[in-house]
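# Inside the fold
Chain residues, written in single-letter form:
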Amino acid sequence: MTIKNFNIGLLGHVDSGKTSLAKVLSEISSTAAFDKSNQSQERGITLDLGFSALIIDAPQRIKEENSNIEKLQLTFVDCPGHASLIRTIIGGAQIIDMMILVIDAQKGIQTQTAECIVIGELLKRKLIVVVNKIDTLEAGGKRESSLKKLDTKLRKALSATVFGDSFPIFHVSALSGEGISEFLQGITSNVFLPQRQRDLPFLMYVDHCFSIKGQGTICTGTVIQGCVSVNDSIDIPKIKEQRKIKSIQMFRRPVQTAEMGDRIGICVTQFSAKAMERGIVCQTGYMQLIYAALIQFHRIQFYKFAIKSKTKLHISVGHETVMANITLFKSMQKSTTTFDASLEYEYIDELDADGIKENDDLIFCLLEFETPIYATKDSLLIASKLDLDIHSNCCRLAFWGNIEWYTNSTDYLKVQLPSWKIYKSKEKRGNVQRLVNDHEIIVQNLFKKESNRQIYIGKKIQLSTGERGQIESTFGQTSKVKITFAESLKEDTVRMLKEGKFNDVTVVLRYKKYVYNKSLGIIQ
């Protein structure tokens, strides 16, 4: 019998009933399901990812697409809803094929509901909305009216997202079981066969590790790409060691192989569960530490704060979240769609809240990680400002992108980045101190007294009256320079200067300085 796994995430605000729904929908639970941890039970909320499953007959359309598939295993990923656990939510969302957004019938969309919508949107997951706790509403006509109003609000709220307003909505009570049968039918009618990249190197996101006496350490998680078999050797990058897989289980069912999308537990020996709470395991030699990465910048529209270069944000990739310094820059070539180190890019100091709504600039972001990460090219990175007040009604997710470039070198600032042509536009302004003749002027206040004026000799300038000249030489011992013009100054300009209206003629020097290669000096 061929069983295909399909991962379904339950996301939503804290206390909307996600765990209760997972319980009522599932027949099989894992070691990490239904808030089994003591801390979860004490606090009454989900503190980590929970996993449970239901095996169903494959719908006819799935069988027609692949006649070998007889059963579908629906793996439910119960994500925490508390604001402080957004890192865990992001990690959980990256391993799912479809997202169920759980809404409290009385409370509607709340702050973490909105953040879950954003995560689902940027991950491009299929969406089902379920309104839970309908038993808390007064039965009869009032309930129907309240639910109809809530449905309208939900469709309106999501209409501006990639989900549009045509997603299915179900009304249920996990407590009483009302509507659960119809909801399960709705899930079954919306499942599909996801694309599984079996030919890529094996990579698995591990979310729990525990030891079984006499057997070894069990690492449970989701296969992100590739496939794996019993007796394969794998890398555990966090401890920089290699181990052989002793056995594989899929919800207590022994299997010999697993592929992308499968939720499994792998048993390895001579590895302490305390060495890694969560992380990755992969094909031997596949992963290396990444010290810096480049992404194409996609701003999250609900983030209402300025994003500045040379500031730190939280960066999530897989189950890992680290701090990184960011540098923003934009392409000067409208025809390019990917980063090309041979081209010039303009440094961006700051993007305000509406920074990129009015134009089509192609913006990139360099991320320099405080703690190096394990990731691959094309890995999704999500940037957040997680130190914002969790009780404030604002989205903390700032931007996202997929890795286009990365470096495994600790010396990238000296070895790799100097070849990047990222520049800051600079401008200096001065005024005429005196007119020498109609081809020559002396300019003051263009430079500070301590500036090295020699490096600007030969650079082009422009007068506010339009004439273009160049800096011929320094003049005197302070900050003055001599400017010459190949063509005569305009008659009006000469007249103004002869009349002593020096402040009416501004001298402008524009140039570029490369951010990562100071030795190139001043470029025009």
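The rules behind these values
Residues numbered from 1 in each chain as written. Predicted model: local features only at pLDDT ≥ 70, side-chain atom pairs only at ≥ 80, totals over all residues. Heavy atoms only, no water. Helix = DSSP H or I, 4+ residues; strand = E, 2+ residues; numbered from the N terminus. Pairing = 2+ DSSP bridges. Contact = heavy atoms within 4.5 Å. Axes fitted to C-alpha atoms, helices over the stretch in contact; angles between N-to-C directions. Buried < 20%, exposed > 50% of the residue type's maximum accessible area, 1.4 Å probe, protein only. Arc of directions from axis to C-beta. Phe/Tyr/Trp six-rings, centres within 6.5 Å; stacked < 30°, edge-to-face > 60°. Polar contact = N/O pair within 3.5 Å; in protein donor to acceptor, adjacent residues only side chain to side chain. pLDDT = per-residue confidence, 0-100.

Turning next to unusual backbone geometry. The bulk of non-glycine residues show a negative phi, and the bulk of peptide bonds are trans. The backbone of Lys 124 sits at a positive phi, close to 60°, despite the residue not being glycine. For Lys 124, the position within the fold is in the loop between α5 (111-123) and β6 (126-132). Positive phi, close to 50°, is recorded for Phe 251, a residue that is not glycine. Position of Phe 251 among the secondary structure elements: in the loop between β12 (241-250) and β13 (253-255).

Here seven strands make up an open sheet; going across it, the order is β2-β3-β4-β1-β5-β6-β7 and the pairing mixed. Two strands close off the open sheet at either side, each with one partner strand: β2 (28-29) and β7 (169-171). Summarising the sheet, β2 and strand β3 (residues 50-57) pair through two bridges and their orientation is antiparallel. Bridged to Ser 29 within β3 is Ser 52. Of the strands in this sheet, β1 (2-12) and β5 (98-104) are in contact with α5, which crosses β5 at around 165°. Together, β1, β3, β4 (69-78), β5, β6 and β7 form the strand contacts of helix α7 (residues 180-190), whose direction differs from that of β6 by roughly 175°.

Bringing helix α1 (residues 18-25) into the picture now. For α1, every residue scored as buried is listed here: Lys 18, Thr 19, Leu 21, Ala 22 and Leu 25. The buried residues of α1 all sit within an arc of 160° when viewed along its axis, so they share a single face. Packing partners of the buried residues in α1 comprise β1, β3, β4, β5, β6 and α7.

This part covers the packing of aromatic side chains. Going through the model one piece at a time under the given rule, you end up with 15 aromatic pairs. Aromatic pair Phe 329 and Phe 364: ring centres 5.9 Å apart, planes at 25°, arrangement stacked. Highlighted residues: Phe 329 in strand β21 (residues 320-331) and Phe 364 in strand β24 (residues 363-374), separated in sequence by 35 residues. Each member of the pair, Phe 329 together with Phe 364, is buried. Geometrically, the ring pair formed by Trp 405 and Trp 420 is edge-to-face, given 4.8 Å between the ring centres and 70° between the ring planes. Placement of the pair is Trp 405 in strand β26 (residues 397-407) and Trp 420 in the loop between α8 (412-415) and β27 (421-437), with a sequence separation of 15 residues.

Mapped onto the secondary structure, Asp 262 falls in the loop between β14 (257-259) and β15 (263-268). With 187 residues separating them along the chain, Asp 262 and Thr 75 place their C-alpha atoms 8.8 Å apart. Those residues in contact with Asp 262 that sit more than four places away from it in its chain are Asn 5, Gly 221, Thr 222, Val 223 and Met 250. In this structure the side chain of Asp 262 is engaged in a polar contact, spanning 2.9 Å, whose partner is the backbone nitrogen of Glu 259.

A separate point is the confidence of the model for the chain. A residue-level look at the chain finds 93% of positions with pLDDT of 70 or above and a mean pLDDT of 89. Ignoring residues within four places in sequence, the model shows residues 32-47, a span with pLDDT below 50, making 34 contacts including any to other chains.

Attention now moves to the pairing of β24. On a regular strand, one side chain projects to one face of the sheet and the next to the other, so that they alternate. Extensive coverage of β24 is indicated by the burial of nine of its 12 residues. Sheet topology places strand β17 (residues 289-296) next to β24; seven bridges connect them, and they run antiparallel. Each residue of the ladder has a partner; that of Ile 290, found in β24, is Ile 373. For β21 and β24, the ladder comprises seven bridges, and the chain directions are antiparallel. Looking at β24, one finds that Asn 325 is bridged to Glu 368.

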